[in-house]
Amino acid sequence: MTKRLYMAIAGALVVSALAGGCGRSSSGAAAGDNAAATTGKTAKDLVPEDVRKTGTLRVATSEGYPPMEMYKEGTQELTGVDPDLGAAIAAKLGLKFSITNAAFDGLIPGLQGGRWDLVMSSMSDTEERRAAVDFVDYFNAGGAIMVKKGNPDGIKNLEDLCGRTVVLAKGSSNLAIGEKQNEKCATKMKIMQSEDAPTGLLSIDSGRAAATIVDYPVAVMYAKDTGKYDVLPDQYDAGPWGIAVDKRKTALRDAVAKAMEELQADGGYTAVLDKYGVTANAVDGVLVNTQPWK
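Given the structure is predicted, the values throughout are model-derived calculations rather than measurements.

A. Structural context of the nonpolar core. One finds Leu 85, Ile 89 and Leu 93 to be the most contacted residues of the largest nonpolar core, which totals 55 residues. Broken down by element, the residue count for this core peaks at seven residues, all from helix H10 (residues 250-266). Among residues more than four places away in sequence, those in contact with Leu 85 are Met 120, Tyr 138, Met 260, Leu 263, Tyr 269 and Val 272.

B. Geometry of helix H8 (residues 197-205). The element H8 is largely enclosed, with a buried count of seven among its nine residues. Two residues or fewer past H8, Gly 207 is found with a positive phi of approximately 85 degrees.

C. Geometry of the packing of aromatic side chains. Considering all chains together, one arrives at two aromatic pairs under this definition. These aromatic residues form a ring-pair network of at least three members: Tyr 138, Phe 139 and Trp 241.

D. The pairing of strand E7 (residues 165-169), seen in detail. Counted residue by residue, E7 has four buried out of five residues, so it is predominantly covered. Pairing analysis gives five bridges linking E7 to strand E8 (residues 190-194), with the strands arranged parallel. Its bridge partner lying in E8, Val 166 is registered against Ile 191. The β-α-β motif built from E7, the intervening helix H7 (residues 173-184) and the parallel element E8 has right-handed crossover chirality. Sheet topology places E7 next to strand E9 (residues 211-215); two bridges connect them, and they run parallel. Considered in E9, the bridge of Val 167 is made with Thr 212.

E. Here's a closer look at the pattern of salt bridges. Applying the stated criterion across every chain, the model contains 17 salt bridges. Where Glu 49 meets Arg 52, a salt bridge forms, and the shortest distance between an N and an O atom there is 3.6 Å. Linking Glu 49 with Arg 52, this pair stays in helix H4 (residues 49-54), spanning three residues, or about one helical turn. Across the pair Lys 249 and Asp 50 runs a salt bridge, and its minimum N-O distance is 3.6 Å. Of this pair, Lys 249 sits in the loop between strand E11 (236-246) and H10 while Asp 50 sits in helix H4; the two residues are 199 residues apart in sequence, bridging distant segments of the chain. Judged by relative accessible area, Lys 249 falls into the partly exposed class, the value being 40%. With relative accessibility at 43%, the residue Asp 50 sits in the partly exposed group. Through salt bridges with shared partners, one network takes in Asp 134, Lys 247, Arg 253 and Asp 254.

F. Spatial organisation of the side chain of Glu 69. If you trace the backbone, Glu 69 turns up in the loop between strand E1 (56-61) and strand E2 (70-71). You can call Glu 69 buried: its relative accessible area is 0%. Of the polar contacts made by the side chain of Glu 69, one reaches the side chain of Ser 122; its length is 2.9 Å.

G. How the structure looks around the state of the cysteines. Within the structure shown, the criterion is met by one disulfide. The side chain of Cys 162 participates in a disulfide bridge whose partner is Cys 185; the two sulfur atoms lie 1.9 Å from each other. On the sign convention where negative is left-handed, the bridge of Cys 162 and Cys 185, at about -70 degrees about the S-S bond, is left-handed. Pair noted here: Cys 162 is in the loop between strand E6 (133-148) and E7 and Cys 185 is in the loop between H7 and E8, with a separation of 23 residues, a long-range link. A relative accessible area of 22% means that Cys 162 is categorised as partly exposed.

H. Local environment of H7. Its 12 residues place the ends of H7 17 Å apart at the C-alpha level, agreeing with the 16 Å of an ideal helix rising 1.5 Å per residue. Ser 173, Asn 174, Leu 175, Ile 177, Gly 178, Gln 181 and Asn 182 are the residues of H7 that are buried. Buried residues belonging to H7 abut E6, E7, E8, E9 and E11.

I. The arrangement of the environment of Ala 219 in detail. Mapped onto the elements, Ala 219 comes out in helix H9 (residues 216-226). On a C-alpha basis, the gap between Ala 219 and Asp 230 in space is 8.7 Å, while along the polypeptide they are 11 residues apart. The contacts of Ala 219, once residues within four sequence positions are left out, are Met 146, Val 214 and Val 231.

The rules behind each value
- Residues numbered from 1 in each chain as written.
- Predicted model: local features only at pLDDT ≥ 70, side-chain atom pairs only at ≥ 80, totals over all residues.
- Heavy atoms only, no water.
- Core = buried A, V, L, I, M, F, W, Y, C linked by side-chain atoms within 4.5 Å.
- Buried < 20%, exposed > 50% of the residue type's maximum accessible area, 1.4 Å probe, protein only.
- Helix = DSSP H or I, 4+ residues; strand = E, 2+ residues; numbered from the N terminus.
- Contact = heavy atoms within 4.5 Å.
- Phe/Tyr/Trp six-rings, centres within 6.5 Å; stacked < 30°, edge-to-face > 60°.
- Pairing = 2+ DSSP bridges.
- Right-handed = clockwise from strand over helix to strand, strands pointing away.
- Salt bridge = Lys/Arg side-chain N within 4 Å of Asp/Glu carboxyl O.
- Polar contact = N/O pair within 3.5 Å; in protein donor to acceptor, adjacent residues only side chain to side chain.
- Disulfide = S-S within 2.5 Å.
- Expected span 1.5 Å × (residues − 1).

This is the structure we're talking about:
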């Protein structure tokens, strides 16, 4: 991961159109509707027949967002919270695990087209996305401001971004945070849009931008690994990230929710978060579309 990160900072990053983000929404499908049908059954029991026949849980992600999804140093093997948790879920379902790297903006279309079964890619559980997918929530985080080490511009909060040049990832919830703040600014920001968080940091390195907003656990890892940035403590629009399942695949959604329940009960879920130092971002209980599953 460190090698991958430094390649990004040096400008040799292969760009992935990643737009991980944060942001809670207020409504969701009735998560407990299938509680009676799942009582007394294991996650493996709940796997729908079409998925069971393939023998494999196909997951898509968009690499380049440590500690959530990244390549093992010197390899093309995906690791991080999302791949590791995906593998743990597949094991609970009695399935082999396959994970594919894809552009972030193609993840939901690919899911709807049947190219994969789940999407796990630091994806915010938002009301807008729920028009197409259901979410089994597994992580809770918000956006944090990142600045050059030593914070030479003395930025303390969102208001201090007014009148400055800020770089934000295309299509991300963090872009939305910046745009919302900009509406309040008497002196407007100049907002640059990057393909992803690492390429945005290049603009800070070069002095083209004063700050960016990145999901907090990701920001902390970038700052730790490079020693080049400070992460301000406040998190904005903190909310759940979810495992996306095609809205038509309610049986698979419930199997994944049950797998999460089992992993929470036996410590497997906590073990994955502990491995990457993000235990504080755990969700409490099993949530589907931000609502208790049952």
